[in-house]
Amino acid sequence: MVALVTGANGQLGQSLRFIAPNYPEIHFVFCSSTDLDISNLENCKTVFSKIKPNYCINAAAYTAVDKAESESEKAHLINVIGARNIAEVCKEYSTILLHISTDFVFDGNTSKAYSENDIPNPKGVYGQTKLDGEKAIQSVFDDYYIIRTSWVYSQFGNNFMKTMLRLASERDSISVVNDQIGTPTNAVDLAAALLKIITSNSSSFGIYHFSNEGQCSWYDFAKEIFEVNNINIDLQDIPTSDFPTPAKRPRYSVLDKTKIKRVFGLEIKNWEESLKV
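Draft legend 1. Looking closely at the pattern of salt bridges. Tallied over the entire structure, the rule returns 6 salt bridges. A salt bridge links Asp66 to Arg249; the nearest nitrogen and oxygen atoms lie 2.6 Å apart. With Asp66 in the loop between strand 3 (55-58) and helix 3 (72-92) and Arg249 in the loop between strand 12 (234-238) and helix 8 (258-264), the pair connects residues that are 183 residues apart, well separated along the chain. Residue Glu170 pairs with Arg166 through a salt bridge whose shortest N-O separation is 3.3 Å. With a gap of 4 residues between them, Glu170 and Arg166 both fall in helix 5 (residues 160-170), about one helical turn apart. Connected through salt bridges with shared partners, the residues Glu213, Lys257 and Lys261 form a single ionic network.

Draft legend 2. Looking closely at the sheet that holds strand 5 (residues 144-149). An order of 2-1-3-4-5-10 is seen for the 6 strands of this open sheet, with the pairing classed as parallel. Edge positions in the sheet fall to strand 2 (27-31) and strand 10 (206-209), since each of these pairs with one other strand and no more. On average, each strand axis in the sheet is tilted by 20° relative to the strand beside it, whichever way the strands run. The pairing of strand 4 (residues 96-102) with strand 5 spans 6 bridges and is parallel.

Draft legend 3. Structural view of the packing of aromatic side chains. Under the definition given, this model contains 15 aromatic pairs. Judged by centre distance (5.6 Å) and plane angle (15°), the ring pair of Phe28 and Phe30 falls under stacked. Note on accessibility: Phe28 and Phe30 belong to one class, buried. Geometrically, the ring pair formed by Phe160 and Phe221 is stacked, given 5.2 Å between the ring centres and 25° between the ring planes. Residue Phe160 is located in helix 5, and its partner Phe221 is located in helix 7 (residues 218-228); the two are separated by 61 residues in the primary sequence. Each member of the pair, Phe160 together with Phe221, is buried. Grouped by ring-pair contacts, the aromatic residues Trp151, Tyr153, Phe160, Trp218, Phe221 and Trp271 constitute a single cluster.

Draft legend 4. Here's a closer look at helix 7. Residues of helix 7 that are buried: Trp218, Tyr219, Phe221, Ala222, Glu224, Ile225 and Phe226. Each element contacted by the buried residues of helix 7 is listed here: strand 6 (152-153), helix 5, strand 7 (173-177), strand 11 (216-217), strand 12 and helix 9 (271-275).

Draft legend 5. The arrangement of the state of the cysteines in detail. Applying the stated criterion across every chain, the model contains 0 disulfides. The cysteine Cys56 is free of any disulfide, with Cys90 supplying the nearest cysteine sulfur at 4.5 Å. For Cys56, a relative accessible area of 0% corresponds to the buried category.

Draft legend 6. Summary view of the environment of Tyr114. Summarising the element assignment, Tyr114 is placed in the loop between strand 4 and helix 4 (125-140). With relative accessibility at 6%, the residue Tyr114 sits in the buried group. Sequence spacing of Tyr114 and Lys257 is 143 residues, and the spatial spacing of their C-alpha atoms is 8.8 Å. If near-sequence neighbours (up to four positions away) are discounted, Tyr114 is found in contact with Phe106, Asp107, Gly108, Asn109, His209, Tyr252, Ser253, Val254, Leu255 and Asp256.

Draft legend 7. Broad picture of unusual backbone geometry. A positive phi angle is found at Trp151, which is not glycine, with a value near 50°. Looking at the element boundaries, Trp151 is found in the loop between strand 5 and strand 6. Phi is positive for Asn201, close to 55°, though the residue is something other than glycine.

Conventions used here
Residues numbered from 1 in each chain as written. Predicted model: local features only at pLDDT ≥ 70, side-chain atom pairs only at ≥ 80, totals over all residues. Heavy atoms only, no water. Salt bridge = Lys/Arg side-chain N within 4 Å of Asp/Glu carboxyl O. Helix = DSSP H or I, 4+ residues; strand = E, 2+ residues; numbered from the N terminus. Pairing = 2+ DSSP bridges. Axes fitted to C-alpha atoms, helices over the stretch in contact; angles between N-to-C directions. Phe/Tyr/Trp six-rings, centres within 6.5 Å; stacked < 30°, edge-to-face > 60°. Buried < 20%, exposed > 50% of the residue type's maximum accessible area, 1.4 Å probe, protein only. Contact = heavy atoms within 4.5 Å. Disulfide = S-S within 2.5 Å.

All quantities given are derived from atomic positions and should not be read as evidence of function.
So this is what it looks like as structure tokens:
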């Protein structure tokens, strides 16, 4: 079984590489953006013609949420055109696609966890391009798993956890917003969930939600990060209004994991437990 991973140098790509040795039945081919530019259809066709993968995990994405507001064309090129290109070559080579999407497709104007049946309503360019990417895939073929996730962090790449640890080494005090609620997702747990889907040999295609269990604010997340790492720092909680950003964030974006747990028999760790690993 051959699994092609795009965006191999991102944190999910590196997390997949980290756990790949646990799956000897899968031959992984990891492609960075220089190996495979998903925005270039001919490049996609060339790579797929050589590898002929059974599965493609599309972890390539434009994820700079704030920069997307001023780089909408670039975000569209990668998140929409790129997603469509990957879907088209997957269809041509009978490859099953696992595509990563985001909680940012929702507006956050709720207080209950979002299910796959809830209507998306993005508030910014990033969320809109990710939603348009989902639609582009759905318009091409049916053999896809779209997995929406949230607040992804790991020991790899750039993420909130690593930013907090870096700031703690530079400052005596840090302020973090306390009124945006969601769920952190350990990228290694997400990677394992994707490989569970692949090894299940299922054809229950469609949209799924995955994050760790539980919910918290960014302030709560930062507090737990410092506690786990035995860091003493003056941590202040502030409202979003005190920390304006170019892109609006969902106020509440907890994802309901009932479907993915039922279909694939997943047992999902609580976010606090997974942070300690």
